[in-house]
Amino acid sequence: MEAKGRRPENPCKRYVKVRADFELDGRIRPLLFREEDGPAYRIDRVLDVRQAASRKAGGQGIRYICEVEGSIAVLFHDEPYWFVEREEADG
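**Considering the nonpolar core**
Soluble, globular proteins show a tendency: their nonpolar side chains are buried together. Counting 10 residues, the largest nonpolar core is built from Val16, Phe33, Ile43, Tyr64, Cys66, Val68, Ala73, Leu75, Trp82 and Val84. Taken together, the elements giving at least two residues each to this core come down to β6 (60-68), β7 (71-78) and β8 (81-85). Sorting elements by how many residues they give to this core places β6 first, with 3 residues. Beyond its immediate stretch of four places on either side in the chain, Tyr64 contacts Ile28, Pro30, Val46, Asp48, Val49, Ala73, Val74, Leu75, His77 and Trp82.

**Concerning the environment of Arg19**
When you line up the elements, Arg19 lands in strand β2 (residues 17-22). Sequence-distant contacts of Arg19, defined by excluding residues within four places in its chain, comprise Pro30, Leu31 and Leu32.

**Considering the packing of aromatic side chains**
Taken as a whole and judged by the stated rule, the model has 5 aromatic pairs. With a centroid separation of 6.2 Å and 65 degrees between ring planes, the pair formed by Tyr15 and Phe83 is classed as edge-to-face. Residue Tyr15 is found in strand β1 (residues 13-15), and its partner Phe83 is found in strand β8; the two are separated by 68 residues along the sequence. In this structure, Tyr15 and Phe83 share a single accessibility class: buried. One aromatic cluster is present, formed by Tyr15, Phe76, Tyr81 and Phe83 through successive ring pairs. Over the ring of Phe83 we find Lys13, and its NZ or CZ is 4.5 Å from the ring centre.

**Concerning the pattern of salt bridges**
Tallied over the entire structure, the rule returns 6 salt bridges. For Glu35, the salt bridge goes to Arg14, with nearest N and O atoms at 3.7 Å. A residue pair is termed long-range when its members are at least 10 positions apart, and Glu35 in the loop between β3 (28-34) and β4 (40-42) and Arg14 in strand β1 qualify at 21 residues. Judged by relative accessible area, which is 35%, Glu35 ranks as partly exposed. Note that Glu67 and Arg45 form a salt bridge whose closest N and O atoms lie 3.0 Å from each other. Within this pair, whereas Glu67 is found in strand β6, its partner Arg45 is found in strand β5 (residues 45-53), the two being separated by 22 residues in sequence. Given a relative accessible area of 24%, Glu67 falls into the partly exposed group. Given a relative accessible area of 47%, Arg45 falls into the partly exposed group. Within the structure, one salt-bridge network assembled from shared partners comprises Asp48, Arg50 and Arg63.

Basis of the calculations
Residues numbered from 1 in each chain as written. Predicted model: local features only at pLDDT ≥ 70, side-chain atom pairs only at ≥ 80, totals over all residues. Heavy atoms only, no water. Core = buried A, V, L, I, M, F, W, Y, C linked by side-chain atoms within 4.5 Å. Buried < 20%, exposed > 50% of the residue type's maximum accessible area, 1.4 Å probe, protein only. Helix = DSSP H or I, 4+ residues; strand = E, 2+ residues; numbered from the N terminus. Contact = heavy atoms within 4.5 Å. Phe/Tyr/Trp six-rings, centres within 6.5 Å; stacked < 30°, edge-to-face > 60°. Lys NZ or Arg CZ within 6 Å of the ring centre and 35° of its normal. Salt bridge = Lys/Arg side-chain N within 4 Å of Asp/Glu carboxyl O.

Structure (C-alpha cells):
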C-alpha cells in the first residue's frame, strides 16, 4: 500500500508540475509543465483531450495531446498527479 501523499514510482512516467487555467464549465486547460527542478515547457496548443489509458505507462486519466515547441507531448492528469509518458524507460 502506498503512503498517503506519495506518488507511485514508475519508470515510464515523468511526473511534472502543471500550471493550468480552470474554465467556468469545469474544463482544465494546461498552459505549461515542468519536472521538479527542470525547465518549464510552454504548451503551444492542446490538440486533443479525452479520458484514456496510458498504454506505455499504465494508469488512466484525462489525456492531453499537446504541441510543445514543435513536438508532441502526451500529458496525463491521473488525479491527483500529472505525468508525461517517457519515450522509453530509463535503463
